[in-house]
Amino acid sequence: MDALPVNSRASFVAFLALLQQDLVCNPIRWENKTLADFLAAMHSYAEDIQGYYDNTDQSINANEAHWQVFADIMRGARVYE
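Owing to the predicted nature of the structure, the values given are computational and were not obtained by experimental measurement.

Draft legend 1. Structural context of the overall build of the chain. If you tally the helices and strands in the chain, you get 3 helices and 0 strands. Element order for the chain, N to C, with α for helix and β for strand: α-α-α. On C-alpha atoms alone, the chain measures out to a radius of gyration of 12 Å, which is about the 12 Å that the 2.2 N^0.38 rule sets for 81 residues. Reported as C-alpha extents along the three principal axes, the dimensions of the chain are approximately 30 × 30 × 20 Å. The buried share among the 81 residues of the chain stands at 27%. Restricting the contact set of the chain to residue pairs at least 6 apart, pairs at least 24 apart contribute 58%. Looking at the chain, you have 5 positive and 11 negative side-chain charges, and the mean spots of the two groups are 11 Å apart.

Cut-offs and rules
Residues numbered from 1 in each chain as written. Predicted model: local features only at pLDDT ≥ 70, side-chain atom pairs only at ≥ 80, totals over all residues. Heavy atoms only, no water. Helix = DSSP H or I, 4+ residues; strand = E, 2+ residues; numbered from the N terminus. Rg over C-alpha atoms; globule rule 2.2 N^0.38 Å. Buried < 20%, exposed > 50% of the residue type's maximum accessible area, 1.4 Å probe, protein only. Contact = heavy atoms within 4.5 Å. Lys, Arg positive; Asp, Glu negative; His and termini not counted. Charge placed at Lys NZ, Arg CZ, Asp CG, Glu CD.

Rendered as structure tokens:
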């Protein structure tokens, strides 16, 4: 799931299926298991994601809507505090 490139609606849908499967199979890896906690973390991570891209030397502009950015926000919300 972490290495899956997300560059289309179809790949985003596949990513979401893997994300759900990861929660069911590996809940210990998730900091934010409830919908309320996940949405709060998703909100915070969406605000901060440009810093993640900058710190990891990724030339991604989080202000431009891309399927990968949406996936990265959801992936990060699993564990963001």
